[in-house]
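Below are the chains, spelled out letter by letter.
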Amino acid sequence: ALPGIAVLFGGAHILAPFGLTDMGAVAISVLILTVACLLYRANRERREAELARRETVEIADQHRRAADELRNRNNWLRMTEALAHVGHWPLDLADETLFWSDETYAIHGWSRDRKPRLEDALSVYHEDDREHVAQAVETARETGRPYTFRARLVRPNGEIRHVEAVAKTQLDEMGNAAALFGVF
């Protein structure tokens, strides 16, 4: 009845010894072709999954190497600051929060569990220097210009430290001062 299709899928003459009609031969041929397609597709999906797994492993390795590099650089920065007795700090001008490096805490004589704000940082300067320091910060906030000053810090134990602070302003997309980054 369908000799063209039977021939296309292997033909009745191949399956005739098994007593199959043309339709039976077509059905078996379609089944074989379907299984072959499914096996091909499964094999392709397995190869794609293996490729994706390898890419994921490579990305994870790249992230691990980058994290190791960052950790090393942070350690080197901490060691450099400790050896040179220089600390760094960024100040967010919007909410006046500070981040202090380990050495900045050491210079101030504060423990790391105390989280500084601008008001706290200004209060540790000697009363004769405090207004000068506050004015340097305010001028940088208004103008976006960097500053340098020398002043005296009074540590919690009463010891006076002479420091020189250098700060650079980070501008936002509108050109306004958004943060200060400084060292002393």
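Residues numbered from 1 in each chain as written. Predicted model: local features only at pLDDT ≥ 70, side-chain atom pairs only at ≥ 80, totals over all residues. Heavy atoms only, no water.

1. Looking at the sheet that holds strand β1 (residues 88-92)
Turning to step 1, where the next piece is worked out: Strand order in the open sheet formed by 5 strands is β2-β1-β5-β4-β3, with antiparallel pairing between adjacent strands. Looking at which strands have only one partner, the edges of the open sheet turn out to be β2 (97-98) and β3 (147-154).
Turning to step 2, where the next piece is worked out: Sheet topology note: the β1/strand β5 (residues 177-183) ladder contains 5 bridges and is antiparallel. Within β5, the residue paired with H88 across the bridge is V183.
Turning to step 3, where the next piece is worked out: Those strands touched by helix α6 (residues 130-143) are β1, β3, β4 (160-171) and β5, and its axis lies near 145° from that of β3. (Pairing = 2+ DSSP bridges. Helix = DSSP H or I, 4+ residues; strand = E, 2+ residues; numbered from the N terminus. Contact = heavy atoms within 4.5 Å. Axes fitted to C-alpha atoms, helices over the stretch in contact; angles between N-to-C directions.)

2. Here's the deal with the packing of aromatic side chains
Turning to step 1, where the next piece is worked out: Scanning all chains against the criterion turns up 4 aromatic pairs.
Turning to step 2, where the next piece is worked out: With a centroid separation of 5.9 Å and 75° between ring planes, the pair formed by Y125 and F149 is classed as edge-to-face. Residue Y125 is found in the loop between α5 (118-123) and α6, and its partner F149 is found in strand β3; the two are separated by 24 residues along the sequence. Grouping residues by exposure puts Y125 and F149 together as buried. (Phe/Tyr/Trp six-rings, centres within 6.5 Å; stacked < 30°, edge-to-face > 60°. Buried < 20%, exposed > 50% of the residue type's maximum accessible area, 1.4 Å probe, protein only.)

3. A few points about the nonpolar core
Turning to step 1, where the next piece is worked out: Of all hydrophobic cores here, the largest spans 27 residues; its most connected members are W89, L91, Y125, Y147, F149, L180 and F184.
Turning to step 2, where the next piece is worked out: Breaking this core down by element, the ones donating at least two residues are β1, α4 (102-108), α5, α6, β3, β4 and β5. (Core = buried A, V, L, I, M, F, W, Y, C linked by side-chain atoms within 4.5 Å.)

4. Notes on the confidence of the model for the protein chain
Turning to step 1, where the next piece is worked out: The predicted model of the protein chain has a mean per-residue pLDDT of 89, with 88% of residues at 70 or higher.
Turning to step 2, where the next piece is worked out: Note on residues 1-7: pLDDT is under 50 here. Beyond four places in sequence and across chains, it has 7 contacts. (pLDDT = per-residue confidence, 0-100.)

5. Observations regarding the pattern of salt bridges
Turning to step 1, where the next piece is worked out: As enumerated under the stated definition, the model contains 15 salt bridges in all.
Turning to step 2, where the next piece is worked out: Of the charged contacts, one joins R141 and E96 as a salt bridge, the two residues approaching to 2.9 Å between their closest N and O atoms. With a gap of 45 residues between them, R141 in helix α6 and E96 in the loop between β1 and β2 connect regions that are remote in the sequence.
Turning to step 3, where the next piece is worked out: The partner of E138 in a salt bridge is R141, with the nearest N and O atoms 3.4 Å apart. Here E138 pairs with R141, and both are found in helix α6, just 3 residues apart, close to one helical turn.
Turning to step 4, where the next piece is worked out: A cluster of three or more residues bridged by salt bridges with shared partners is formed by E50, R53 and R54. (Salt bridge = Lys/Arg side-chain N within 4 Å of Asp/Glu carboxyl O.)

6. Some remarks on the side chain of T169
Turning to step 1, where the next piece is worked out: Secondary-structure assignment places T169 in strand β4.
Turning to step 2, where the next piece is worked out: A relative accessible area of 10% means that T169 is categorised as buried.
Turning to step 3, where the next piece is worked out: For T169, the side chain forms a polar contact with the main-chain oxygen of G144, separated by 3.3 Å.
Turning to step 4, where the next piece is worked out: Side-chain polar atoms of T169 contact the backbone oxygen of R145, separated by 3.3 Å.
Turning to step 5, where the next piece is worked out: Excluding anything up to four places from it in sequence, T169 contacts A140, G144, R145, P146, A177, A179 and L180. (Polar contact = N/O pair within 3.5 Å; in protein donor to acceptor, adjacent residues only side chain to side chain.)

7. A short note on a nonpolar patch on the surface
Turning to step 1, where the next piece is worked out: Nonpolar side chains collect at one region of the surface, where V86, V166, F181 and V183 lie side by side and expose about 260 Å² of accessible area between them.
Turning to step 2, where the next piece is worked out: If you trace the backbone, V183 turns up in strand β5.
Turning to step 3, where the next piece is worked out: For V183, a relative accessible area of 30% corresponds to the partly exposed category. (Patch = residues over 30% accessible without salt bridge, like charges linked within 9 Å, V, L, I, M, F, W, Y side chains within 5 Å. Areas by Shrake-Rupley, 256 points an atom, 1.4 Å probe, with all protein chains shown as cover.)

8. Regarding unusual backbone geometry
Leaving glycine out, the prevailing phi sign among residues is negative, and the prevailing peptide bond configuration is trans.
Turning to step 1, where the next piece is worked out: Although it is not a glycine, H85 sits at a positive phi angle of roughly 55°.
Turning to step 2, where the next piece is worked out: Structurally, H85 is set in the loop between α3 (22-84) and β1.

9. Side note on the environment of H162
Turning to step 1, where the next piece is worked out: Structurally, H162 can be placed in strand β4.
Turning to step 2, where the next piece is worked out: Using a relative accessible area of 65% as the deciding quantity, one classes H162 as exposed.
Turning to step 3, where the next piece is worked out: Among residues more than four places away in sequence, those in contact with H162 are A151 and R152.

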